[in-house]
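Coordinates in review
The chain contents come next:
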Amino acid sequence: MAEEQYAHPGICLFTVLFKNVSGRILVGLRWWNEVDEQGQSVWHFESLDQQTLETLNKKDAWLFWWTLYLTPMVWVALGIVAVIKFNFDYLLVVGVAIILNAANIVGFTKCRKDAKKQIQQFAASTLTSRMSNTIQSAFMSSV
């Protein structure tokens, strides 16, 4: 009787930990995707505020982004090894791992862009309000 082989649950655990824990701790980003009542995919992004983001270790962030982009390459290499060794059953595991990693890449990249956009909008609104207050106080002092 042939022994059944199942995907190792470590792949899912690694993806969940990388996405939910490491992303929040190392780079201050978190994302998730939901499907609304109309069947549309809705992306949600969270990031820490600017002051907290500045306190994060740059080396940790560097490690996070490099790991995020290198992990799919490792899975592709493992897929090539599986093909060379004729272990085609493992290609399913490799495929799932690549898909989960691709989702993380897309999610964190969109999240980072959204965080940068929010920071730029905050800076622009702060600058506008300060200029407005300065002009208003200059006008009031001359009256």
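In the annotation of an unreviewed UniProt entry, the protein chain is listed under the name Golgi apparatus membrane protein TVP23 and assigned to Physcomitrium patens. Turning to the protein chain, the UniProt record has this under Function (unreviewed entry): "Golgi membrane protein involved in vesicular trafficking." The UniProt entry for the protein chain carries this comment under Sequence similarities (unreviewed entry): "Belongs to the TVP23 family."

In this section: the UniProt feature "transmembrane region" (unreviewed entry) in the protein chain. The UniProt feature table records "transmembrane region" (unreviewed entry) at residues 63–84 and 90–109. Counting secondary structure, residues 63–84 comes out at 100% helix and 0% strand; the distance between its end C-alpha atoms is 31 Å.

In this section: the side chain of T71. Residue position: T71 is located in helix α3 (residues 58–84). A residue is classified by how much of its surface remains accessible, and T71, at 13% relative accessible area, is buried. Looking at T71, its side chain comes within polar contact range of the main-chain oxygen of T67, at 2.5 Å.

So, on to the confidence of the model for the protein chain. Regions with low pLDDT carry predicted coordinates that are not meant to be interpreted in detail. Averaged over every residue, the pLDDT of the protein chain is 76; residues scoring 70 or more account for 64%. Across the protein chain, the secondary-structure element scoring lowest on mean pLDDT is helix α1 (residues 10–27), at 67, and the one scoring highest is α3, at 89.

Turning to the side chain of N101, a few remarks are in order. By secondary structure assignment, the location of N101 is in helix α4 (residues 90–142). A distance of 2.7 Å separates a polar side-chain atom of N101 from the backbone oxygen of A97. Leaving out residues up to four positions away in the same chain, N101 has contacts with T71, P72 and W75.

Here we take up the nonpolar core. Counting residues in hydrophobic clusters, the biggest one holds eleven residues: L26, V27, L29, W31, A61, F64, W65, L68, I105, F108 and C111. Among the secondary structure elements, those contributing two or more residues to this core are α1, β1 (29–35), α3 and α4. Examining the composition of this core, we find that four residues originate from one element, α3, more than from any other. Residues within four places of L26 in sequence aside, it is in contact with L56, D60, A61 and F64.

Moving on to the pairing of strand β2 (residues 41–47). As judged from the seven bridges shared by β1 and β2, these two strands associate in the antiparallel manner. Paired with E34 across the bridge in β2 is V42. Between the end of β1 and the start of β2, which pair antiparallel, lie five residues, with G39 showing a positive phi angle near 85°.

Here is what the cut-offs are and how they apply
- Residues numbered from 1 in each chain as written.
- Predicted model: local features only at pLDDT ≥ 70, side-chain atom pairs only at ≥ 80, totals over all residues.
- Heavy atoms only, no water.
- UniProt positions renumbered as here; feature names shortened; annotations may be inferred.
- Helix = DSSP H or I, 4+ residues; strand = E, 2+ residues; numbered from the N terminus.
- Buried < 20%, exposed > 50% of the residue type's maximum accessible area, 1.4 Å probe, protein only.
- Polar contact = N/O pair within 3.5 Å; in protein donor to acceptor, adjacent residues only side chain to side chain.
- pLDDT = per-residue confidence, 0-100.
- Contact = heavy atoms within 4.5 Å.
- Core = buried A, V, L, I, M, F, W, Y, C linked by side-chain atoms within 4.5 Å.
- Pairing = 2+ DSSP bridges.

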